[in-house]
There are 2 protein chains.
Amino acid sequence: MQALVIDNGVHFDSGFARPVIKPGEALIKTVLAGICATDLELLHGYANFQGVPGHEFVGVVEVADNPSLIGQRVVGEINCPCKSCATCLRGDTNHCPNRLALGIRHKNGVFADYFTLPQANLHIVPAGISDRQAVFTEPLAAALEILEQVHIAPGDTVVVLGDGRLGILIAQVLALTGCDLVVVGRHPSKWGLLLNKSIKVCLAKDLEEGYLAKVVVECSGSSGGFTQARKLVQPKGYLVLKSTFNSDTLVDLSSLVVDEISVIGSRCGPFSTALRLLASGNVEVEEMIGGEFHLKNGVEAFKKAKEKGVVKILLKP
Amino acid sequence: MQALVIDNGVHFDSGFARPVIKPGEALIKTVLAGICATDLELLHGYANFQGVPGHEFVGVVEVADNPSLIGQRVVGEINCPCKSCATCLRGDTNHCPNRLALGIRHKNGVFADYFTLPQANLHIVPAGISDRQAVFTEPLAAALEILEQVHIAPGDTVVVLGDGRLGILIAQVLALTGCDLVVVGRHPSKWGLLLNKSIKVCLAKDLEEGYLAKVVVECSGSSGGFTQARKLVQPKGYLVLKSTFNSDTLVDLSSLVVDEISVIGSRCGPFSTALRLLASGNVEVEEMIGGEFHLKNGVEAFKKAKEKGVVKILLKP
């Protein structure tokens, strides 16, 4: 089958072996896939991954034990837990230490004609949601995870630091709480959707001098983002971390103690909520799409995804 | 008056000027004071402090506008807020950016015959609490702040990393929740009080291989403690930071994201709760006292407070 493969850089392979289905898994044909910041970080060594990347998808089930799944259009949770360790048994399967993660950790991903996932991970996509919407389910769920972790009230001040793919989804989700939100970004060419939704957005230099927010979400995707975000959090406030990258960061831990800041790591979120939100029309994604590439042009697609001002790049087999 | 003074090291001064009372302040005669890890850090440049250190005290009010305070035995909150900035007006006076902090920030402290504090900061000590108990009110309040910030349920696993002054108070307070607690320390000579209270305590090397807790409190007082504490936190768990020190720490922020860890800075806590707890007898402090020094032997007292195996050193004028 066709696949993109990471192995000292990324290349297209027209003869990659089809995945073998393990017990409980379904074989899924990729319909549409999205390139995410994590995929770009994998190229820089993050998670030490080799194989087929990709974890944002909408696909159609071709093979499954459960006959009601066959032929269904699905999205799917990316973590494949062992279901028998202490972490799984206390219900936190997303953090199973033995887990595989689709296109990130010991499991080939969706930038291919076919891939496999446990049937339990799949969510059927309602008919009212298009393929180009459904492919945003995984990052939208990650955005929603913030509200699973932190109570953002209508009166709260919030900064989203980052106007990339995830930042624009996060801003849309948090704006629904009614909070006093500002997105601090770097690429005005990406701001159309936010401005259309009356979400405030500015460059860091245009933020009011000394501005502090109760909640700051760091989704700039760079290690330098932490220091910038930290300066924007008011005492007793929350700094939500979304960026992953392959380096450590120097942190003034004492200042976190003195200011009683909570730094909250935030990752994967609830798929069913994300599908509900896409169906509601309250989150718009169409304008975020910067291009659709055939898998065989995947290397070019990765380059495009890295460009400033480009939002979501899609791949299709 | 007599005072200890930090100014390139610490020295005793028998002729230090008495403090001048500002509007709203009381003049307090020091009865007993405690040396805390922060005082030792001030010597290493923390907070860039010069002047009289000391913020743990019990004293007697000699001068005050409020006649009901005069002659009373008091303890006092250490932060002196401006009460007019945005932070104060939203009720978070402890984090006022213009605040003075007793013996830490632009205000002389209690290692002297006399000091001043706003009358609003003072709490009268009930008769049933001895001076040697009352001097622990401030660090006990800091221990209680953890429970103001994190809900620790009886079924939760908790590690307190550090068997110093604050660690032993924190362990006593958290044990009252009924949680599954273990203190990880370095100085078995300090463990008598914990063992008497049936609180588990061990060396790091004797902790079960791969042990993870839902809540880890880092109060080792060293920058290396963060890395050790981080390894002990289970996914979705809480890492409470209590240590302050004068250096930055390299942190793997991506692992906080992947494991969805909350890192929570924790500082000053509720004095009235601490006094209630001391009165109840549920927290024992007498055994924690490693010696009582006259102020004129303060330099020696600081040296003693730094020794391994020594817990709380008290000073009296």
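Further up the page is the structure itself.
First things first, this report covers the structure right here in the doc. (Residues numbered from 1 in each chain as written. Chains lettered and ligands numbered in written order. Predicted model: local features only at pLDDT ≥ 70, side-chain atom pairs only at ≥ 80, totals over all residues. Heavy atoms only, no water.)

## A closer look at the packing of aromatic side chains
All names here are of chain A. Applying the stated criterion across every chain, the model contains 4 aromatic pairs over all chains. Here phenylalanine 57 and phenylalanine 115 contribute two aromatic rings whose centre-to-centre distance is 4.6 Å and whose plane-to-plane angle is 70°, an arrangement assigned as edge-to-face. Of this pair, phenylalanine 57 sits in strand 4 (residues 56-63) while phenylalanine 115 sits in strand 8 (residues 114-118), and the two are 58 residues apart along the sequence. Considered together, phenylalanine 57 and phenylalanine 115 belong to a single accessibility category, that of buried residues. (Phe/Tyr/Trp six-rings, centres within 6.5 Å; stacked < 30°, edge-to-face > 60°. Helix = DSSP H or I, 4+ residues; strand = E, 2+ residues; numbered from the N terminus. Buried < 20%, exposed > 50% of the residue type's maximum accessible area, 1.4 Å probe, protein only.)

## Observations regarding unusual backbone geometry
A negative phi holds for most residues other than glycine; trans holds for most peptide bonds. If you check the backbone angles, asparagine 48 of chain A has positive phi at about 55° while not being a glycine. Tracing the backbone shows asparagine 48 of chain A in the loop between helix 1 (37-43) and strand 4. Residue asparagine 48 of chain A is classed as exposed on the basis of its relative accessible area of 70%. In the Ramachandran plot, serine 198 of chain B falls in the positive-phi region, its phi being about 60° despite a non-glycine side chain. Locating serine 198 of chain B in the fold gives a position in the loop between helix 6 (192-196) and strand 12 (200-203). Residue class for serine 198 of chain B comes out exposed when judged on its relative accessible area of 66%.

## As for the sheet that holds strand 10 (residues 157-161) of chain A
Strand order in this open sheet of 12 strands is 12(A)-11(A)-10(A)-13(A)-14(A)-16(A)-16(B)-14(B)-13(B)-10(B)-11(B)-12(B), and the pairing throughout is mixed. Edge positions in the open sheet fall to strand 12 (200-203) of chain A together with strand 12 of chain B, since each of these has one partner strand only. Averaged over all adjacent pairs, the angle separating strand axes in this sheet is 20°, with direction ignored. Relative to strand 13 (residues 213-218) of chain B, strand 10 (residues 157-161) of chain B runs parallel, the two being bridged by 4 bridges. (Pairing = 2+ DSSP bridges. Axes fitted to C-alpha atoms, helices over the stretch in contact; angles between N-to-C directions.)

## Some words on empty space enclosed by the protein
Gaps left between atoms are located by rolling a probe of water-molecule size over the structure's atoms. Under the defined criterion, the tally for this structure stands at 6 cavities of 30 Å³ or more. Taken together, Phe226, Val251, Leu253, Leu256 and Val263 of chain A together with Phe226, Val251, Leu253, Leu256 and Val263 of chain B make up the full set of residues lining the largest cavity. When contributions to the lining of the largest cavity are tallied by element, the ones reaching two or more residues are helix 8 (253-259) of chain A together with helix 8 (253-259) of chain B. Residues belonging to the lining of the largest cavity are distributed by class as follows: 10 nonpolar, no polar and no charged. (1 Å grid on protein atoms, 1.4 Å probe; cavity = no way out; pocket = protein on both sides within 12 Å on 5 of 7 lines; lining within 4 Å. Points joined across faces, edges and corners; volume = space filled by probe spheres on them. Nonpolar A, V, L, I, M, F, W, Y, C, P; charged D, E, K, R; others polar.)

## Section: the pattern of salt bridges
Taken as a whole and assessed by the stated rule, the structure comprises 26 salt bridges over all chains. Residue lysine 312 of chain B pairs with glutamate 56 of chain B through a salt bridge whose shortest N-O separation is 2.7 Å. Remark: glutamate 56 of chain B occurs in strand 4 (residues 56-63) and lysine 312 of chain B occurs in strand 18 (residues 312-316); sequence separation between them is 256 residues. Taken as a pair, lysine 312 of chain B and glutamate 56 of chain B share a single burial class, namely buried. Note that glutamate 260 of chain B is salt-bridged to lysine 236 of chain B, the shortest N-O span being 3.6 Å. Placement of the pair is glutamate 260 of chain B in the loop between helix 8 and strand 16 (262-265) and lysine 236 of chain B in strand 14 (residues 233-241), with a sequence separation of 24 residues. The exposure class assigned to lysine 236 of chain B is partly exposed, which follows from its relative accessible area of 40%. One salt-bridge network, in which partners are shared between bridges, spans Arg132, Glu286, Glu292 and Lys316 of chain A. (Salt bridge = Lys/Arg side-chain N within 4 Å of Asp/Glu carboxyl O.)

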